[in-house]
Amino acid sequence: MTDANLDTEHSRVTTDHRTIRQWVEKNGGSPAVEKAGGKGITIPRILFPGDGSDDDTTADDAGDENDKSPVSWKRWFDAFDAGDFAFAYQERTADGDAGRFYKLVDRTTAREHA
């Protein structure tokens, strides 16, 4: 997802595992990871059913759904914390619709803009 799609008036940023899991499950998502090329880096992703891309983080997508492997929440949060990510998400879009937009952002950057 591009930054333009994350309406700051309706968005939140968190590193709280419980909050992230509740939001993902409420929106029908499940945890997955993607291996980034040959670098051995594991990137946490979210799979959503019935969504052509199955992942709303299009700004840095490296592939399609076949590149993502479902994982346990423990493994997902291990990758999330190891990557020093924060989870930016929307409860509602600017139009008032239920939001399924999220983006993984750098924790330091998230703190600076809080």
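Further up the page is the structure itself.
Residues numbered from 1 in each chain as written. Predicted model: local features only at pLDDT ≥ 70, side-chain atom pairs only at ≥ 80, totals over all residues. Heavy atoms only, no water.

Focus on the sheet that holds strand E1 (residues 11–14)
Overall, antiparallel pairing links the three strands, which are arranged E1-E5-E6 in an open sheet. Each end of this open sheet is capped by a strand with a single partner; those strands are E1 and strand E6 (102–106). On average, adjacent strands in this sheet sit at an angle of 25° to one another, irrespective of strand direction. Where E1 lies against strand E5 (residues 85–90), four bridges are found, and the strand directions are antiparallel. Looking at the pairing, Ser11 lines up with Gln90 of E5. Lying over the sheet, helix H1 (residues 17–26) contacts E1, E5 and E6, oriented at roughly 40° with respect to E5. Running over the sheet, helix H2 (residues 73–82) touches E1, E5 and E6 and is turned about 110° from E5. (Pairing = 2+ DSSP bridges. Helix = DSSP H or I, 4+ residues; strand = E, 2+ residues; numbered from the N terminus. Axes fitted to C-alpha atoms, helices over the stretch in contact; angles between N-to-C directions. Contact = heavy atoms within 4.5 Å.)

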